[in-house]
Amino acid sequence: MRDLDHMIEEALDAEERELLRSLEEPGFFAQAFGIFGGRTGWANVLMMIAQALLFVAGVWAAWHFFQAGDPVTQLRWGLPAAVALILATMIKMALLPRMESNRLIRELKRIELQIAHVARR
């Protein structure tokens, strides 16, 4: 794969090289915080707020579960703890496809640039 990247790099002129460098894949944290921008950023912010609240509620209920002595009290705190923590995980996992779609869009832009370069020849 590196040979192909090297061949593409040699075929491009300086302007296109700079443009491709600007499209390089950002790090994990840049990708993670990138989901809060754009048109759907507000919805992702709301999802993260809900996820954080569910996580805190789940940890709080789990704390009471582990402090409970009788089975009825354990059920009273254990089931809500499990549900809240599972929901928090599901909401967090729902945001991962957005990161992947951003990565896919970035790669498609690179391919478009490469096709445009070949078409100009």
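Residues numbered from 1 in each chain as written. Predicted model: local features only at pLDDT ≥ 70, side-chain atom pairs only at ≥ 80, totals over all residues. Heavy atoms only, no water.

Things to note about the packing of aromatic side chains
Part 1 of the argument: Under the counting rule described, the total for this entry stands at 2 aromatic pairs.
Part 2 of the argument: Where F65 meets F66, the ring centres are 5.0 Å apart and the plane angle is 70°; that geometry is what we call edge-to-face.
Part 3 of the argument: Its relative accessible area of 66% is what places F66 among the exposed residues. (Phe/Tyr/Trp six-rings, centres within 6.5 Å; stacked < 30°, edge-to-face > 60°. Buried < 20%, exposed > 50% of the residue type's maximum accessible area, 1.4 Å probe, protein only.)

Looking at the pattern of salt bridges
Part 1 of the argument: For the structure shown, the criterion picks out 1 salt bridge.
Part 2 of the argument: The closest approach of N and O atoms between R103 and E100, which form a salt bridge, is 3.4 Å. Taken as a pair, R103 and E100 lie in helix 6 (residues 96–120) at a separation of 3 residues, close to a single helical turn.
Part 3 of the argument: Judged by its relative accessible area of 27%, R103 falls in the partly exposed class.
Part 4 of the argument: The exposure class assigned to E100 is partly exposed, which follows from its relative accessible area of 45%. (Salt bridge = Lys/Arg side-chain N within 4 Å of Asp/Glu carboxyl O. Helix = DSSP H or I, 4+ residues; strand = E, 2+ residues; numbered from the N terminus.)

Considering a nonpolar patch on the surface
Part 1 of the argument: Among the surface-exposed residues, W42, V45, L46, I49 and L53 lie close enough to one another that they form a single nonpolar patch of about 530 Å² accessible area.
Part 2 of the argument: Its location among the elements puts V45 in helix 4 (residues 41–67). (Patch = residues over 30% accessible without salt bridge, like charges linked within 9 Å, V, L, I, M, F, W, Y side chains within 5 Å. Areas by Shrake-Rupley, 256 points an atom, 1.4 Å probe, with all protein chains shown as cover.)

Comments concerning the environment of V59
Part 1 of the argument: Here V59 shows up in helix 4.
Part 2 of the argument: The partly exposed category is assigned to V59, whose relative accessible area is 42%.
Part 3 of the argument: Between the C-alpha atoms of V59 and A81, which are 22 residues apart in sequence, the distance is 6.7 Å.

Regarding the environment of L87
Part 1 of the argument: With respect to the helices and strands, the residue L87 is situated in helix 5 (residues 71–94).
Part 2 of the argument: Its relative accessible area of 37% is what places L87 among the partly exposed residues.
Part 3 of the argument: In this structure the C-alpha to C-alpha distance between L87 and G58, which are 29 residues apart in sequence, comes to 9.3 Å.

A short note on helix 6
Part 1 of the argument: A rise of 1.5 Å per residue sets the reference length of helix 6, with its 25 residues, at 36 Å; its end C-alpha atoms lie 37 Å apart and thus fit the reference within 8%.
Part 2 of the argument: Among the residues of helix 6, those classed as buried are M99, N102, R106 and H117. (Expected span 1.5 Å × (residues − 1).)

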